[in-house]
Amino acid sequence: MNAQLVRPAAAEFLRIARAVPDLTAPTPCAGYDVRGLLNHLLYWGPWLVAAGRREDPPSPAVGEAEAALVTDGWRAALEKQTETLVDVFGTPSAWAGMTALGTAELPSAVVGDMVLGEFVLHGWDLARASGQELRCSAEAATAVYESAVAMGEQARSMGVYGPAVAVAADASPLARALGAAGRDPGWTP
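Residues numbered from 1 in each chain as written. Predicted model: local features only at pLDDT ≥ 70, side-chain atom pairs only at ≥ 80, totals over all residues. Heavy atoms only, no water.

Caption draft 1: Geometry of the pattern of salt bridges. Scanning all chains against the criterion turns up four salt bridges. A salt bridge links Glu-12 to Arg-135, with the shortest nitrogen-to-oxygen separation between them at 3.9 Å. Pair noted here: Glu-12 is in helix α1 (residues 3–18) and Arg-135 is in the loop between α4 (108–129) and α5 (138–157), with a separation of 123 residues, a long-range link. The exposure class of Arg-135 is exposed, given its relative accessible area of 54%. (Salt bridge = Lys/Arg side-chain N within 4 Å of Asp/Glu carboxyl O. Helix = DSSP H or I, 4+ residues; strand = E, 2+ residues; numbered from the N terminus. Buried < 20%, exposed > 50% of the residue type's maximum accessible area, 1.4 Å probe, protein only.)

Below, the structure is given as structure tokens:
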């Protein structure tokens, strides 16, 4: 069960996010600068929380592209949202059974894997964009890799992942996870 991997991945994600100096810097996440990526995280976080709690999803007034969630208090909002995600997905019960993400019914473990992936993959995106290094356990990276492989084609068809990036056979678990999720582990701004 990956519930025990969520808390340390979230702590590392927040360490990276707290030190982001430039909201206009490009990220390895196609189509997003730092501000856009943070907006993405703040927009979809409540959806993930609702899925973990098996509650109705939020009813946003606007879509992600129109939302302007990165305001002066974005760091506090991101910390609170991350803490809530950890409280929900840091418990094994959130990973059991089925849930809904919006209108899609899916295994709760898939949503939990998405949360772990958000912390690891987007943590790496923010780290690269801001000249930091993401410290990720081999266990968390392997779990993200396995999830990225399992969801790969569907995620690519939905525009969530880019094309898979080939990495060396002896690449680190994090590099393999990044490649499977359509990120070039050697990306630099």
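So, next bit.
Caption draft 2: Inspection of the packing of α4 against helix α6 (residues 173–180) at higher detail. It is at 11 Å that the axes of α4 and α6 come closest, and there the two elements cross at 90 degrees. Judged by the angle between their axes, α4 and α6 are roughly perpendicular. Along the contact surface, α4 presents Val-120, Leu-121 and Trp-124, while α6 presents Leu-174, Ala-177 and Leu-178. Looking at the contact of α4 with α6, its residues break down into six nonpolar, no polar and no charged. (Axes fitted to C-alpha atoms, helices over the stretch in contact; angles between N-to-C directions. Parallel < 35°, antiparallel > 145°, perpendicular 65-115°, else oblique. Contact = heavy atoms within 4.5 Å. Nonpolar A, V, L, I, M, F, W, Y, C, P; charged D, E, K, R; others polar.)

Caption draft 3: Structural view of helix α3 (residues 74–89). Compared with an ideal rise of 1.5 Å per residue, which puts 16 residues at 22 Å, α3 spans 22 Å between its outermost C-alpha atoms and is within 8% of the ideal. By the burial criterion, the buried members of α3 are Trp-74, Leu-78, Gln-81, Thr-82, Thr-84, Leu-85, Val-86, Val-88 and Phe-89. (Expected span 1.5 Å × (residues − 1).)

Caption draft 4: Broad picture of the environment of Val-115. Position of Val-115 relative to the elements: it lies in helix α4. Considering only alpha carbons, one finds Val-115 and Glu-12, 103 residues apart in sequence, at a separation of 14 Å. When sequence neighbours within four positions are dropped, the list of residues in contact with Val-115 reads Leu-48, Leu-85 and Phe-89.

Caption draft 5: Up close: the pairing of strand β1 (residues 98–101). Pairing between β1 and strand β2 (residues 104–107): four bridges, direction antiparallel. Across the sheet, the residue bridging to Met-98 is Pro-107, located in β2. (Pairing = 2+ DSSP bridges.)

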